Amino acid sequence: MTRVFSGIKPTGHLTLGNYLGAMRQWVQADQHRSDALFCVVDLHALTVDHDPARVRRLSRQAATLLLAAGLDPELCTLFVQSHVDEHARLSYLLECVATDGEMRRMIQYKVKAARERERGGSVRLSLLTYPVLMAADILAYGTDEVPVGDDQAQHVELARDLAVRFNQRYGHTFVVPRATLPAVAARVMNLQEPGSKMGKSDDSGPGIVYLLDEPDVVRKKIMRAVTDSGREVVYDREGRPGVANLLEILAACTDGNPAELASVHRSYGALKAAAAEAVVEVLRPVRARHQELCADPGYVEGVLREGANKAREMARPVVDAAYRAIGL
Ligand code: ADP
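Residues numbered from 1 in each chain as written. Predicted model: local features only at pLDDT ≥ 70, side-chain atom pairs only at ≥ 80, totals over all residues.

## Some details on the overall build of the chain
Working step 1: Assigned secondary structure in the chain consists of twelve helices and five strands.
Working step 2: For 328 residues, the compact-globule estimate of 2.2 N^0.38 gives 20 Å, and the chain sits close to it at 20 Å.
Working step 3: Per-residue burial for the chain yields a buried fraction of 44% across its 328 residues.
Working step 4: For the chain, long-range pairs separated by at least 24 residues make up 76% of all intrachain contacts whose partners lie at least 6 apart in sequence. (Helix = DSSP H or I, 4+ residues; strand = E, 2+ residues; numbered from the N terminus. Rg over C-alpha atoms; globule rule 2.2 N^0.38 Å. Buried ≥ 20, exposed ≤ 12 C-beta atoms within 10 Å, placed from the backbone. Contact = placed C-beta atoms within 7 Å.)

Written out as structure tokens, the structure is:
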């Protein structure tokens, strides 16, 4: 059976980008057709300045939202990364295979390091090595497929390179994984800055739809989305990024096609109203289930404990084999 692994960072409240780019595929397809593991990657939240209590709270919230969105612990394994030591154990070995130049070429590193420096902060070494830890997350489980949004494709490529290099140098140890991207909404853009992606760690609230936003807040954010001075609705990602983003959001929420939807909703106002209602409908059951789960924290706790036990059992033989292969 195909092994699937993917993760989500508890660096902020989960967004519509996380949902359409990743979580929806996990819930609707991956958990049903494969042996899937989903992980709240809390170690990755330590790569930038953070408040310890907030990381802990956001980890629990992310796990609760993943369950609320429809992950079923009977079908898949849901756990928190730091509960399974194998990730950090394998990460070090992979650091011994990766190169300094390869790490510095990662786009996310360049962007995030520049942002840290702009703020006058220092760049943590873990921000540079984070893609290696991500490779360890993936390779520890003999993963075949990694369902991610477009922004993570380069990191999955690195995991592939490291697996191939390790196997060539030390003997066959790792399955070589590949990224799988959603057909639409692989990169949901910020509603106020359609040139940059809707990221949960960003501070520009008005351009970001959070999964727990009230329906009226969702409507307001989408109705105020930045478009352009044109009038006609056309699907053109380069020339009309704001409108294209709304068309993709609407398409993803309604299982439609962005180009076809452009001929249905003829004005910007109509398009925004349709997108806002579609998003409100998609998020409604997620918010309701989240509220129910919050009333039963013991349940979430139990799922995560059980998930970590299962994950550990799966990862240990792979990581032990890597230790032997490399000479330890
Ligand atoms: P973030 O950038 O919000 O901190 P994570 O790194 O935790 O997100 O990513 C979790 C998953 O959500 C990844 O598969 C990532 O590719 C996907 N994702 C994040 N933001 C977006 C977006 N704006 N559009 C599509 N997918 C996204």
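## A closer look at the UniProt feature "binding site: L-tryptophan" (unreviewed entry) in the chain
Working step 1: Under the local residue numbering, the UniProt record ascribes the feature "binding site: L-tryptophan" (unreviewed entry) to D137.
Working step 2: Mapped onto the secondary structure, D137 falls in helix α6 (residues 125–139).
Working step 3: Taking the number of C-beta atoms within 10 Å as the measure of exposure, D137 has 28 and is therefore buried.
Working step 4: Discounting residues that sit within four places of it in the chain, D137 has contacts with F5, G7, C39, V41, Q81 and H87. (UniProt positions renumbered as here; feature names shortened; annotations may be inferred.)

## Some details on unusual backbone geometry
Working step 1: We note that A185 has phi near 60°; this positive angle belongs to a residue other than glycine.
Working step 2: A positive phi angle, close to 55°, is found at D255, a residue other than glycine.
Working step 3: The topology assignment puts D255 in the loop between α9 (241–254) and α10 (258–264).

## Side note on the nonpolar core
Working step 1: One finds L66, A135, I249 and V279 to be the most contacted residues of the largest nonpolar core, which totals 97 residues.
Working step 2: Here this core spans two domains, and each of domain 1 (3–181 + 296–326) and domain 2 (205–291) adds at least three residues to it.
Working step 3: Ignoring sequence-local partners within four residues, the contact set of I249 consists of L16, L20, A185, V188, A275 and V279. (Core = buried A, V, L, I, M, F, W, Y, C linked by C-beta atoms within 7 Å. Domains from an automatic or database assignment.)

## Some remarks on helix α7 (residues 153–170)
Working step 1: An ideal rise of 1.5 Å per residue puts 26 Å on 18 residues; α7 measures up with 26 Å between its terminal C-alpha atoms.
Working step 2: Within α7, burial applies to H155, V156, L158, A159, L162, A163 and F166. All buried residues of α7 project into a common sector of 150° when viewed along the axis, lining one side. Those residues of α7 that are exposed and angled more than 90 degrees off the buried face are V164 and Q168.
Working step 3: Taken together, the buried residues of α7 touch α3 (86–95), α4 (100–104), α6, β4 (145–147) and β5 (178–180).
Working step 4: One or two positions beyond α7, positive phi appears at G171, with a value near 100°. (Expected span 1.5 Å × (residues − 1). Arc of directions from axis to C-beta.)

## Comments concerning α9
Working step 1: Across its 14 residues, α9 extends 20 Å between first and last C-alpha, which sits within 8% of the 20 Å expected from 1.5 Å per residue.
Working step 2: Buried residues dominate α9, accounting for twelve of its 14 residues.
Working step 3: When we look at burial in α9, the residues that qualify are G242, V243, A244, N245, L246, L247, E248, I249, L250, A251, A252 and C253.
Working step 4: Of the residues trailing α9, D255 is marked for its positive phi of about 55°.

## Brief notes about the domain arrangement of the chain
Working step 1: One can read the domain layout of the chain as domain 1 (3–181 + 296–326) and domain 2 (205–291).
Working step 2: Taking only C-alpha atoms into account, the centre of domain 1 sits 29 Å from that of domain 2.
Working step 3: Counting from both sides, the interface comprises ten residues of domain 1 and, opposite them, eleven residues of domain 2.
Working step 4: For the side of domain 1 that touches domain 2, the elements supplying multiple residues, two or more each, are α1 (16–33) and α2 (52–69).
Working step 5: A total of four residues in the side of domain 1 that touches domain 2 trace back to one element, the largest contributor, which is α2.
Working step 6: For the side of domain 1 that touches domain 2, a count of residues per class yields seven nonpolar, three polar and no charged. (Nonpolar A, V, L, I, M, F, W, Y, C, P; charged D, E, K, R; others polar.)

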